[in-house]
Amino acid sequence: MFELPNLPYAHDALEPVISQATMHLHHGKHHKRYFDVMNQMLQESGAKPASLEDVVRGAVGQAKLFNNSAQAWNHTFFWECMSAPGQKASGDLAAAIERDFGGLDQLKAQFVAKGVGHFGSGWVWLAAKGETLSIVDTHDGVNLLTEAGVVPLLVCDLWEHAYYLDHKNDREGFLKAWFDSLPNWTFAQAQYDAARKGAAGWTHPGPV
C-alpha cells in the first residue's frame, strides 16, 4: 500500500559523515522492513488509509503498527532533512535560532547534548510551535505527529544502525559531524515557514 521512497540523493552523497555502506543498510534493509511489516498489517486488517500520517495517528495504542508506521515516516523525513555537505542556516530561521538559542553554535551544543543524553534508541528533533523553536527527543519510533501544533524542522536518528558502521559507539562524534555538515537548512526553512503559518509542513508520499 505504501512504497519505500527512493533516497533524494545518491547513496554516497553524505560521505564521509555517513558512508555508502551505511546508507544501503539503513535505507534498503531497516527502512524497507518497516514498510513491509506495516503494509502486511494494513492488508490483513483491510484498512485503506489516505496517508501515512493517518496511519501513525490512528495507530496510537497499537504498539506494533504504530512503531512500524512511525518508523517508516521518521526515516523518510530523516532523508529529507539531509543534503550534501555545505548548507548553512540563513534568513528567518537563522534569526529564530539566534533568538531562541543564542546562535548556531549554541543550538548545536544543545542538540548534541540532547541526543547524547537520550538513553537507548530514538530521535532528536529541532521543532517549531508557531515561531518558537525547541529541541525534542523521542524514544524508539515516536515522532511529533501526535503533538498538536508542533512541526519538525530537522531530525537526526539516534538508533545505532544509523552510525555504528562509521562511528562505532561514538554517538556524540556522529551528532557533531552530522550537525556540522548534513542538515538541509533549505528544507528546515520551509518547515519553519509552515509552522509560522499554522500549516502541517512536509507530508509523506501517499499510498499507491
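Source: prediction; values computed, not measured. (Residues numbered from 1 in each chain as written. Predicted model: local features only at pLDDT ≥ 70, side-chain atom pairs only at ≥ 80, totals over all residues. Heavy atoms only, no water.)

Visitor: Could you clarify how one ought to interpret the nonpolar core in this entry?
Guide: Within soluble globular proteins, side chains that are nonpolar tend to cluster in buried spots. Grouped together as the largest cluster of nonpolar side chains are 62 residues, with contacts concentrated most on L133 and W178. The element best represented in this core is helix α3 (residues 63-80), accounting for eight residues. With residues up to four places along the chain from it excluded, the contact list for W178 reads V17, I18, F78, C81, M82, F111, V155, C156 and P183. (Core = buried A, V, L, I, M, F, W, Y, C linked by side-chain atoms within 4.5 Å. Buried < 20%, exposed > 50% of the residue type's maximum accessible area, 1.4 Å probe, protein only. Helix = DSSP H or I, 4+ residues; strand = E, 2+ residues; numbered from the N terminus. Contact = heavy atoms within 4.5 Å.)

Visitor: Honestly, unusual backbone geometry in this entry has me stumped. Any pointers?
Guide: It is generally the case that most residues other than glycine have a negative phi and that most peptide bonds are trans. The residue after E15, namely P16, is reached through a cis peptide bond having omega 5°. With respect to the secondary-structure elements, P16 resides in the segment before α1 (20-45). One non-glycine residue, D140, lies in positive phi territory at about 50°. Residue placement: D140 occurs in the loop between β2 (132-139) and β3 (150-157). Judged by its relative accessible area of 31%, D140 is partly exposed. Even without a glycine there, the phi angle at K168 is positive, about 55°. Within the secondary structure, K168 sits in the loop between α6 (164-167) and α7 (171-181).

Visitor: Looking at this structure, how should I read the pattern of salt bridges?
Guide: Under the defined criterion, the tally for this structure stands at six salt bridges. In this structure, R196 engages D92 in a salt bridge whose closest nitrogen and oxygen atoms are separated by 2.9 Å. On the criterion of sequence distance, the pair formed by R196 in helix α8 (residues 185-197) and D92 in helix α4 (residues 91-101) is long-range, its members being 104 residues apart. Judged by relative accessible area, R196 falls into the partly exposed class, the value being 34%. One salt bridge connects R99 with D100, and the closest N-O pair in it is separated by 2.8 Å. A residue is classified by how much of its surface remains accessible, and R99, at 46% relative accessible area, is partly exposed. Under the relative-accessibility criterion, D100 is labelled partly exposed at 28%. Bridged by salt links that share partners, the residues D92, D193 and R196 form one connected network. (Salt bridge = Lys/Arg side-chain N within 4 Å of Asp/Glu carboxyl O.)

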